Amino acid sequence: MNDYKQIRSSLEKNIFNESHFTIIQKSNIRNKLQKKRRYNLVPYIVLALFLVTLSGFLYLNFNSTPPPSHTVNGTYEAKAVYLKEIQFVDRIHKGNTLNFSKGKLTIVNNEIYNAIKPNMDTEDLAGLKNNIKVISNIKINTKGDTFYITGDENFSMTLQIIAPRIVMDEKGNEYSTSTYLE
């Protein structure tokens, strides 16, 4: 503010004293000096909205994996390589999992996890346990949209692909995975 006062006083001493300035010109100069400089924020707001929209669009397009298009006649095609190093979680009972890793299938049935309810007394969990079964030397055969899994101890299981990330066993239990089957 002091800068404006100094400029104004120097103008009044030098320029305004000369006769070739009219009263209107002097008042216009004084008004310009007294006005505070206002910034027009509209272009900045429009630019910010454009950049946010553009970054959201780019994020959604480049960070999402499109679902695989490996369907045959409207059903999904099962391939044995889809079950290499993958974990499925039961869609209803989250404690139940199928883990395919290094030629083994680990089946986890976590009764404790599945039985826990809000405000539940821990004594109600007595007698429940975590059932883990490891099947070695699994063999995976496929036909259409179905995996036929066999292994040691006369183990056999079938899994049918019903969606890009969901399989269903012969009992109707649905398991999902975080990655697409491809």
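This text follows the structure it describes.
No experiment lies behind these values; they were computed from the predicted model shown. (Residues numbered from 1 in each chain as written. Predicted model: local features only at pLDDT ≥ 70, side-chain atom pairs only at ≥ 80, totals over all residues. Heavy atoms only, no water.)

Participant: How should the sheet that holds strand β5 (residues 104-110) be read in this particular structure?
Facilitator: By definition, the strands of a sheet pair up through backbone hydrogen bonds, in either a parallel or an antiparallel sense. The nine strands lie next to each other as β6-β5-β4-β3-β11-β10-β9-β8-β7, forming an open sheet whose pairing is antiparallel. Among the strands making up the open sheet, the edge pair consists of β6 (130-135) and β7 (139-143). Strand-to-strand twist in this sheet, taken as the mean axis angle between neighbours without regard to direction, amounts to 25°. In the sheet, strand β4 (residues 96-101) pairs with β5 via six bridges, with the strands oriented antiparallel. Bridged to S101 within β5 is K104. (Pairing = 2+ DSSP bridges. Helix = DSSP H or I, 4+ residues; strand = E, 2+ residues; numbered from the N terminus. Axes fitted to C-alpha atoms, helices over the stretch in contact; angles between N-to-C directions.)

Participant: Explain the side chain of D169 here, please?
Facilitator: Tracing the chain through its elements places D169 in strand β10 (residues 166-169). A polar side-chain atom of D169 sits 2.8 Å from the main-chain amide nitrogen of N173. For D169, the residues in contact, after removing those within four places along its chain, are M157, T158, L159 and Y175. (Polar contact = N/O pair within 3.5 Å; in protein donor to acceptor, adjacent residues only side chain to side chain. Contact = heavy atoms within 4.5 Å.)

Participant: Even after reading the chapter, I still don't get the packing of aromatic side chains, so can you show me in this structure?
Facilitator: Two numbers describe a pair of aromatic rings. These are the distance of the centres and the angle of the planes. Under the definition given, this model contains one aromatic pair. On the numbers, 6.2 Å between centres and 85° between planes, the contact of F88 with F100 is edge-to-face. One end of the pair, F88, is in strand β3 (residues 86-90); the other, F100, is in strand β4, and 12 residues separate them in sequence. The burial state of F88 is the same as that of F100; both residues are buried. For the cation-ring pair, R165 lies above Y180, with the distance from its terminal atom to the ring centre recorded as 5.9 Å. (Phe/Tyr/Trp six-rings, centres within 6.5 Å; stacked < 30°, edge-to-face > 60°. Buried < 20%, exposed > 50% of the residue type's maximum accessible area, 1.4 Å probe, protein only. Lys NZ or Arg CZ within 6 Å of the ring centre and 35° of its normal.)

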